[in-house]
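Understanding the architecture of this molecule
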Amino acid sequence: MAIPAALRENLRLPVIAAPMFLVSGPQLVLETCKAGLIGTFPALNARTTEGFAAWLTEIEDGRRAHGRAAAYGVNLIVHKTNPRLEPDLAVVAERKVPLVITSLGAVPDLVKEVHGYGGLVFHDVISVRHARKAAQAGVDGLILVCAGAGGHAGTASPFALIEEVRQFFDGTLILAGALGSGRHVAAARMMGADFAYMGTRFIATRESMADQAYKDMLTASALADIVYTDSISGVNANFLRPSLIAAGLDPENLPPKKHMDMAAEAKAWRDIWSAGHGVGGIADVPAAAELAARLEAEYMAAFRDTTAQF
Ligand SMILES: Cc1cc2nc3c(=O)[nH]c(=O)nc-3n(C[C@H](O)[C@H](O)[C@H](O)COP(=O)(O)O)c2cc1C
């Protein structure tokens, strides 16, 4: 169990704000890092590789100017239909991005390239089989995307997955799935995770790029409003029921699974809004700094409460 030294710097809480397609941009990343949490974004949120490089400049300049910001990361989608992988990875290497989060494929060559400049690779997994494969590819951390997560989610219990993965992996473990409060971060740590990974909670922040209508729908939703389906993206993911209905779909009668294709993803995720099971605990849209302060206070209180005798 370990938080790598490069990620400890200026870290206030063991929290990573997860990368979210069409939602996380440079402003959210920068404000998250300035508030002492790890900020991340998918490279594909910038429309071109040049735009991606410009976002990195904005984040790096902002972090430098602040002086005490936490580290940041970039998400790369390792899929044959992503034509940006190679050029974006070249920019990542040139800029020495501290943390690379890979999803879909775990590729030893990519890990080698990132390690070559001193960076870290964390990889998203939903099963023990995927975790073993990624561990063999040499990743530094495994993100256990458990039941109830926003985006492409798994179905495993976090208790079960963390237990089995820890038996063969001694790198950094990051837990994901419906985590939204400081108490949840404390619980993740107690379960043996190094970091809590939060997506949905950060959609409802002032700096996220999500539409106001998306933020409003999210804060008004609860667990029963989340639909798990492979019909929108080629991979099972969680979506807000009212957004499926608004797009003219019947949540009880969705079309059959489609093939994953990065070219079609943008349209799907623009019209249909993803969120995880944690929506019921999200009732407001704070600034990232305010959220970080709240998470810290809740985290400290959770440890105080749990050390009390019962
Ligand atoms: C709207 C949305 C978009 C997402 N896009 C991506 C993405 O582009 N790449 C990725 O690795 N994960 C993506 N995710 C998954 C998150 O990185 C993270 O695993 C997940 O949000 C954690 O669960 P939580 O939402 O319950 O906190 C997305 C999640 C959401 C809600």
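Please read these numbers as outputs of a predicted model, since none were measured by experiment.

**Quick notes on the overall build of the protein chain**
Counting secondary structure elements, the protein chain contains 13 helices and eleven strands. Relative to a compact globule of 310 residues, whose C-alpha radius of gyration would be 19 Å, the protein chain shows 18 Å and is just as compact. Over its C-alpha atoms, taken along the principal directions, the protein chain stretches across nearly 55 × 50 × 40 Å. Within the protein chain, the fraction of its 310 residues that count as buried is 53%. In the protein chain, once contacts between residues fewer than 6 apart in sequence are set aside, the share between residues at least 24 apart is 65%. As displayed, the protein chain has an accessible area near 13,500 Å², and 54% of this comes from carbon and sulfur atoms. Computed over 28 positive and 32 negative side-chain charges, the inter-centroid distance for the protein chain is 2 Å.

**A few points about the domain arrangement of the protein chain**
Domain annotation for the protein chain reports domain 1 (5-210 + 285-305) and domain 2 (212-271). When each unit is reduced to the centre of its C-alpha atoms, the spacing between domain 1 and domain 2 is 22 Å. Contact with domain 1, which involves 24 residues of that partner, is made by 18 residues of domain 2. Taking both partners together, domain 1 and domain 2 bury about 1,700 Å²; carbon and sulfur atoms supply 70% of that area. Along the contact surface separating domain 1 from domain 2 lie zero salt bridges. Secondary-structure elements contributing two or more residues to the side of domain 1 that touches domain 2 are strand E7 (151-152) and helix H9 (200-203). For the side of domain 1 that touches domain 2, a count of residues per class yields twelve nonpolar, eleven polar and one charged.

**Quick notes on helix H2 (residues 26-34)**
For H2, every residue scored as buried is listed here: Pro26, Leu28, Val29, Leu30, Thr32 and Cys33. Backbone geometry just after H2 places Gly36 at a positive phi near 90 degrees.

**Section: the packing of helix H3 (residues 49-66) against helix H4 (residues 85-95)**
With their axes 9 Å apart at the nearest point, H3 and H4 run at an angle of 25 degrees to one another. As judged from the angle between their axes, H3 and H4 are roughly parallel. Where H3 crosses over H4, the handedness of that crossing is right-handed. For the pair H3 and H4, contact is made by Thr49, Phe52, Ala53, Leu56, Thr57 and Glu60 and by Pro87, Asp88, Val91, Val92 and Arg95, respectively. Its residues assigned to classes, the contact of H3 with H4 comprises six nonpolar, two polar and three charged.

**Let's talk about the pattern of salt bridges**
One pass over the structure, following the stated rule, counts 13 salt bridges. With its nearest N and O atoms 2.5 Å apart, the salt bridge here joins Asp284 to Arg294. With Asp284 in the loop between helix H12 (262-271) and helix H13 (288-307) and Arg294 in helix H13, this pair connects stretches of sequence that are ten residues apart. Given a relative accessible area of 28%, Asp284 falls into the partly exposed group. The exposure class of Arg294 is partly exposed, given its relative accessible area of 27%. One salt-bridge network, held together by shared partners, links Glu60, Glu94 and Arg95.

**A closer look at the nonpolar core**
One finds Phe52, Val74, Leu76, Val92, Leu110, Leu142 and Leu144 to be the most contacted residues of the largest nonpolar core, which totals 75 residues. By size, the runner-up hydrophobic cluster in this structure holds 18 residues, among which are Ile38, Val145, Ala149 and Tyr197.

**A few points about the pairing of strand E11 (residues 237-240)**
Of the two faces of E11, the one carrying Ala237 and Phe239 and the one carrying Asn238 and Leu240 are both buried. Two strands pair when backbone bridges link them, and E7 and E11 are joined in this way by two bridges, in the antiparallel orientation. Bridge pairing links His152 to Ala237 in E11. Sheet topology note: the strand E10 (residues 226-229)/E11 ladder contains four bridges and is antiparallel. The residue bridging Tyr228 from the neighbouring strand is Asn238, located in E11.

**Here we look at the environment of Ile272**
Looking at the secondary structure, you find Ile272 in the loop between H12 and H13. Remark: the alpha-carbon pair of Ile272 and Glu86, spanning 186 residues in sequence, is separated by 28 Å. Residue contacts for Ile272: discarding those within four places in its chain leaves Ile232, Phe239, Ser243, Leu244, Ala247 and Leu249.

**What about the pairing of strand E2 (residues 38-42)?**
A large share of E2 lies buried, amounting to five of its five residues. Burial along E2 is two-sided: Ile38, Thr40 and Pro42 and Gly39 and Phe41, pointing in opposite directions, are all buried. Taken together, the two bridges between strand E1 (residues 15-17) and E2 define a ladder with parallel strand orientation. In the strand pairing of E2, Ile16 is matched with Ile38. Regarding the hand of the β-α-β motif, the stretch spanning E1, H2 and E2 is right-handed. Strand direction decides the pairing type here: E2 and strand E3 (residues 72-77), joined by four bridges, are parallel. Looking at E3, one finds that Thr40 is bridged to Gly73.

Scoring rules and cut-offs
- Numbering of residues begins from 1 in every chain and follows the order in which that chain's sequence is written.
- Where totals are concerned, whole chains, interfaces and linings use all residues; where local detail is concerned, this predicted model gives features only for residues with pLDDT of at least 70, and gives and counts side-chain atom pairs only at 80 or more.
- Neither water nor hydrogens contribute to the side-chain values; these are computed over all heavy atoms in the structure.
- Strands are runs of DSSP state E lasting at least two residues, helices are runs of H or I lasting at least four, and both sets are numbered from the N terminus onward.
- The reference for a compact globule is 2.2 Å times residues^0.38; the radius of gyration itself is calculated from the C-alpha atoms.
- When accessible area is computed with a 1.4 Å probe and restricted to protein chains, residues below 20% of their type maximum are described as buried, those above 50% as exposed, and intermediate ones as partly exposed.
- By definition in these notes, contact holds between two residues if any of their heavy atoms fall within 4.5 Å.
- Methods summary: accessible areas were calculated by the Shrake-Rupley approach with a probe of 1.4 Å, and residue burial reflects only the protein chains presented.
- Neither His nor the chain ends contribute to the count of charged residues, in which Lys and Arg are positive and Asp and Glu negative.
- Working definition for charges: the position is that of NZ of Lys, CZ of Arg, CG of Asp or CD of Glu.
- For every domain, the bounds stem from an assignment made automatically or drawn from a database.
- Accessible-area loss on putting two parts together, using a 1.4 Å probe and summing over both, is the definition of buried area adopted here.
- Any Lys or Arg side-chain nitrogen located within 4 Å of an Asp or Glu carboxyl oxygen qualifies as a salt bridge.
- Gly falls in the polar group here, along with every residue not listed as nonpolar (Ala, Val, Leu, Ile, Met, Phe, Trp, Tyr, Cys, Pro) or charged (Asp, Glu, Lys, Arg).
- Lines fitted to C-alpha atoms define the axes here, with helix axes fitted over just the stretch in contact, and angles between the N-to-C directions of these axes take values from 0 to 180 degrees.
- The scheme is simple: roughly parallel for angles under 35 degrees, roughly antiparallel for over 145, roughly perpendicular for 65 to 115, oblique for anything else.
- In this scheme the handedness of a crossing depends on how the near helix is turned from the far one: anticlockwise by less than a right angle means left-handed, clockwise means right-handed.
- Among buried residues, the Ala, Val, Leu, Ile, Met, Phe, Trp, Tyr and Cys ones that are joined through side-chain atoms within 4.5 Å form a nonpolar core.
- DSSP calls a pair of strands paired once it identifies at least 2 bridges connecting them.
- A right-handed crossover is one whose linking path, passing over the helix from the first strand to the second, runs clockwise when the strands point away from the viewer.

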